[in-house]
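Structural overview
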Amino acid sequence: MFTGNRFGREIEFREGAPVQLLQYTEDNSGDGFGKIILNPDALNVLKNIREPLAIISVVGSYRRGKSWFANVLHGRHDGFDLGAKVEGCTRGIYMWSPPFKLESKQSNGQLVQKRVIVLDSEGIDDPKQDQNWATKLFILCLALSSTFIYNINGIVGRDDIGKLYLMTDLSKFIQEPENGDFLPRLVILLRDFTLESPESFKDYFMEKLNNVNPEAADGIKKFFYDFDVYGLPHPGCKRKMLQHMEEAVTDDLDEEFVEEVEKAVKSIYSQLPLKYIGSSTMKGSAFVKFLNDLVERMNKSETSTLLSIPSEYESIIQFVAQEAIKEATGIYQELMDRSLGEEGKLPILWDEFDEIHKDCISETNNLFYEKIIGSPTQIEGYVEQLNERIFKYKEEFVKRNSDELTAYNENIAKEFWEKFVKVGLTQETLFESTEEFQDALKNFELAYEKSMMRSPEAAKVIASYMQNQYPIAIDHMTQLGRMNAELGKALRAKEEAERLQLEALAREEEFRREMEAQKYEREENERNFKEKMAELQSNIDQQHKSHEEMKQRLIEERELAAEKYNQKLELLHNEMREQQRINEEDKVKIFTEQQAKFEQMQREAEETGRRKHEELKEQLRQEKEKALESQNEFFKSQLASQIEENRRQHAATLEHMRMEHESLRRRIDEKDGGGCVIS
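Values in this document were obtained by computation on a predicted structure and should not be read as measured data.

Let us now look at the overall build of the protein chain. Looking only at helices and strands, one finds 16 helices and 13 strands in the protein chain. Classification of the 679 residues of the protein chain by burial places 45% in the buried group. Of the accessible surface of the protein chain, which amounts to about 36000 Å², a share of 49% is contributed by carbon and sulfur atoms.

Now for the packing of aromatic side chains. According to the stated counting rule, one finds 21 aromatic pairs in the structure shown. Taking the centre distance of 5.5 Å and the plane angle of 25 degrees together, the rings of tryptophan 68 and phenylalanine 257 count as stacked. Of the two residues, tryptophan 68 is situated in helix α2 (residues 66-72) and phenylalanine 257 in helix α7 (residues 255-270); the sequence distance between them amounts to 189 residues. On the basis of relative accessible area, phenylalanine 257 is assigned to the buried category, the value being 1%. The interplanar angle of 65 degrees and the centroid separation of 5.5 Å between the aromatic rings of phenylalanine 80 and tryptophan 96 together place this pair among those described as edge-to-face. With phenylalanine 80 in the loop between α2 and β4 (93-97) and tryptophan 96 in strand β4, this pair connects stretches of sequence that are 16 residues apart. You'll find phenylalanine 80 and tryptophan 96 in the same group, each marked buried. An aromatic cluster is built from Trp417, Phe444, Tyr448, Tyr465 and Tyr470, whose rings are joined through pairwise contacts. Over the face of the ring belonging to phenylalanine 227 we find lysine 202, whose NZ or CZ atom lies 5.0 Å from the ring centre.

In terms of nonpolar packing, the biggest core is built from 105 residues, with Phe138, Leu190, Phe205 and Phe368 touching the most fellow members. Per-element tally for this core: the top contributor is helix α9 (residues 309-341), with 13 residues. Membership of the second largest hydrophobic core comes to 37 residues, among which are Trp68, Val258, Val261 and Leu272.

Right, let's talk about the confidence of the model for the protein chain for a bit. Overall, the predicted model of the protein chain reaches an average pLDDT of 82, with 77% of residues at or above 70. In the model of the protein chain, helix α16 (residues 547-673) stands out as the element of lowest mean pLDDT, 63, in contrast to helix α1 (residues 40-47), which has the highest, 96. With pLDDT under 50 throughout, residues 84-88 is counted as low confidence; its partners more than four residues away or in other chains account for eleven contacts. Under a pLDDT of 50 for its full length, residues 675-679 has, in the predicted model, four contacts with residues more than four places off or in other chains.

We now examine the environment of isoleucine 540. Position of isoleucine 540 among the secondary structure elements: in helix α15 (residues 485-542). In this structure the C-alpha to C-alpha distance between isoleucine 540 and threonine 281, which are 259 residues apart in sequence, comes to 10.0 Å.

Let us now look at the packing of helix α11 (residues 376-420) against helix α13 (residues 456-467). Running from amino to carboxyl end, α11 crosses α13 at an angle of 40 degrees, the nearest separation of the two axes being 9 Å. In this view, α11 runs oblique relative to α13, as classed from their interaxial angle. Crossing of α11 over α13 shows right-handed handedness. Contacts between α11 and α13 involve Ser402, Leu405, Thr406, Asn409, Glu410, Ala413, Lys414 and Trp417 from the first element and Glu457, Ala458, Val461 and Tyr465 from the second. Looking at side-chain class alone, the contact of α11 with α13 contains six nonpolar, three polar and three charged residues.

On to α7, then. Taking 1.5 Å per residue, 16 residues should reach 22 Å; α7 reaches 22 Å between its end C-alpha atoms and fits that length. Looking only at α7, the buried set comprises Phe257, Val258, Val261, Glu262, Ala264, Val265, Ser267, Ile268 and Tyr269. The residue sitting at the N-terminus of α7 and contributing the capping side-chain oxygen is aspartate 254; that oxygen lies 3.1 Å from the backbone nitrogen of glutamate 256.

A few words now on the pairing of strand β7 (residues 147-153). Among the seven residues of β7, seven are classified as buried, and the element is accordingly described as predominantly covered. Here seven bridges tie β7 to strand β9 (residues 185-191), and the two strands are oriented parallel to one another. Along β9, the bridge assignment pairs isoleucine 152 with leucine 190.

The next thing to look at is the environment of tyrosine 165. With respect to the secondary-structure elements, tyrosine 165 resides in the loop between β7 and β8 (174-175). Considered as a pair, tyrosine 165 and glutamate 215 are 50 residues apart in the sequence and their alpha carbons are 7.7 Å apart.

What follows is about the packing of α9 against α11. Packing of α9 against α11 leaves a shortest axis separation of 10 Å and a crossing angle of 20 degrees. On the basis of their axis angle, the class for α9 and α11 is roughly parallel. Every pair of crossing elements has a handedness; the one defined by α9 and α11 is right-handed.

Here we take up unusual backbone geometry. With an omega dihedral of 0 degrees, the bond running from serine 97 to proline 98 counts as a cis peptide bond. Following the sequence through the fold, proline 98 ends up in the loop between β4 and β5 (100-105). A cis amide bond links leucine 346 with the next residue in sequence, proline 347, at an omega value of 5 degrees. Within the secondary structure, proline 347 sits in the loop between α9 and α10 (350-371). The phi torsion at arginine 9 lies on the positive side, around 55 degrees, for a residue other than glycine. Note that arginine 9 resides in the segment before β1 (17-25). The class of arginine 9 is partly exposed, set by a relative accessible area of 36%. For aspartate 192, which is not a glycine, the phi torsion comes out positive at approximately 55 degrees. Relative to the helices and strands, aspartate 192 resides in the loop between β9 and α4 (201-212). Assessed through its relative accessible area of 33%, aspartate 192 is described here as partly exposed.

Bringing the pattern of salt bridges into the picture now. Across all of its chains, the model carries 31 salt bridges by this definition. For lysine 371, the salt bridge goes to glutamate 327, with nearest N and O atoms at 3.4 Å. With lysine 371 in helix α10 and glutamate 327 in helix α9, this residue pair connects regions lying 44 residues apart in the sequence. When the shortest N-O distance is used, the salt bridge between glutamate 432 and arginine 482 registers 3.8 Å. With a gap of 50 residues between them, glutamate 432 in the loop between α11 and α12 (434-451) and arginine 482 in the loop between α14 (469-479) and α15 connect regions that are remote in the sequence. The exposure class of arginine 482 is partly exposed, given its relative accessible area of 28%.

Cut-offs applied
Residues numbered from 1 in each chain as written. Predicted model: local features only at pLDDT ≥ 70, side-chain atom pairs only at ≥ 80, totals over all residues. Heavy atoms only, no water. Helix = DSSP H or I, 4+ residues; strand = E, 2+ residues; numbered from the N terminus. Buried < 20%, exposed > 50% of the residue type's maximum accessible area, 1.4 Å probe, protein only. Areas by Shrake-Rupley, 256 points an atom, 1.4 Å probe, with all protein chains shown as cover. Phe/Tyr/Trp six-rings, centres within 6.5 Å; stacked < 30°, edge-to-face > 60°. Lys NZ or Arg CZ within 6 Å of the ring centre and 35° of its normal. Core = buried A, V, L, I, M, F, W, Y, C linked by side-chain atoms within 4.5 Å. pLDDT = per-residue confidence, 0-100. Contact = heavy atoms within 4.5 Å. Axes fitted to C-alpha atoms, helices over the stretch in contact; angles between N-to-C directions. Parallel < 35°, antiparallel > 145°, perpendicular 65-115°, else oblique. Left-handed = near helix turned anticlockwise from the far one by under 90°. Nonpolar A, V, L, I, M, F, W, Y, C, P; charged D, E, K, R; others polar. Expected span 1.5 Å × (residues − 1). Polar contact = N/O pair within 3.5 Å; in protein donor to acceptor, adjacent residues only side chain to side chain. Pairing = 2+ DSSP bridges. Salt bridge = Lys/Arg side-chain N within 4 Å of Asp/Glu carboxyl O.

Here's what the structure looks like:
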């Protein structure tokens, strides 16, 4: 349900209410300039605006209906306080809150969603007004606005042009930037115009202004590339109604007046330019910074101070950039914390981690590039700062996940080591053979591979077991005599080779992930940077001042930024190639070292075998000699026995023959004794 006194017709009604943006407090001593004080509540509303801003200031002499016209810009009669007294009612500057959104088509046909801030300023030329403040107020509104509506008497006499005489030489008050539109689009409202309408209100106004102040007329031609003049007749209502226009009924007003007001409002909105900082549009935080800086500078001087807009721009660009970097890194941290920070969410596999990082960095970049302003080279520098901070925060999450992956896989490894290997290393249940021990190692590795969270950390954990636990287990088996020492040595060498290979693969996987992440982030930056350059080009196309110079500068800076980016990219590629070369060299080195180890082992084995063979031959020779010696002794013993036996037999034979001879001789002797003689 709308609340407020609607103007109607084709002017859209805007909800909201006025809020004071700033006020001026006079110096009680009356000797110097007072102080401009900003309203923090209003600034909080403004700084959160993310859309490009179009800022309309309604300025003019007091009691000329400027506040009522500011209300009509919101499709209503009421809103900004009108008052009915001789003195002006508005003090300082009020703004409509909330600033409303407006979608409009740019000259290039592109639809742009902008946020419109309407400022209703204190009436200028109030008799009680501090003149230094009046001048500063006029200059401040000029500096802040993208559309400057000056509300004056339609007669355009010497006493009716108000502060337009300041247009004579604005360079006394404002140092403009060399490129880009800074001064706002000028709109002159000639109020209560009762003469016959001229063919061109612009020509009529310039002619009259030239008559009363030719320097001001020349100043307007010099400083404003384009401006419009609208003649608004008298509202046609009675004096009492004029004193309370916030209660007016549109149909009770003069129809010609209503039509001209509607025509002026629709024309203002149809040509509503954005507020620019060079080739960038101004948004909420930039506008607040700009306003703060201008007020601070004005408060430092008793009289009107020269506002150096280029210096202010540099200050704003740096401020917005640091804000954008801070907010973007904050968003990245928040999104990563939301995805990974809660207890129990880690560890996760690296592919999933990388996808989460990509989503977070994409949203981070969207916010950063939406907020960032400045030239291509400036933006390129701020992008580098952002990437450095994001990398730092990313590494914190990488370390946390890496630590959790390591802990998870270490627990898995410990469980299966105790189950399959450690249980067979105790005295009571010692492995019976080398084959049984090797089967246990294989079962441990298979179970670990099945249950681990596959990652470089998992490879490093199993590599750590191969480096530490495996040799201890092998030595234990060797010491207890369940494994040949040479076999144990060969087994240790085999496990060492596999460990080095696992570590090389882990490094290679980490390097691959890093390369893929850098490739994605590089492509993301290139896409965002390209879109930002297109936005800056579009902003330049919408401006009028130094158009070609700005385009040329944008091209030169874009090429310079691209060159610097390509140089960094080439440096990064060189670092990657160097890292890849080192990895390849490491792999070759590992292979060479292992090959050398195996060849050494083979030589040692061959040497061991040769030595053993020689030892065996010597042993056989010695045993053979021993056997021959033993055999010779046996044969000698046998021969001696045989000789002795032969000797005994020969002696016995001789003794037998002797005895036979003796017997024969006795028999002969006996016969001789019997008368026989033998010759």
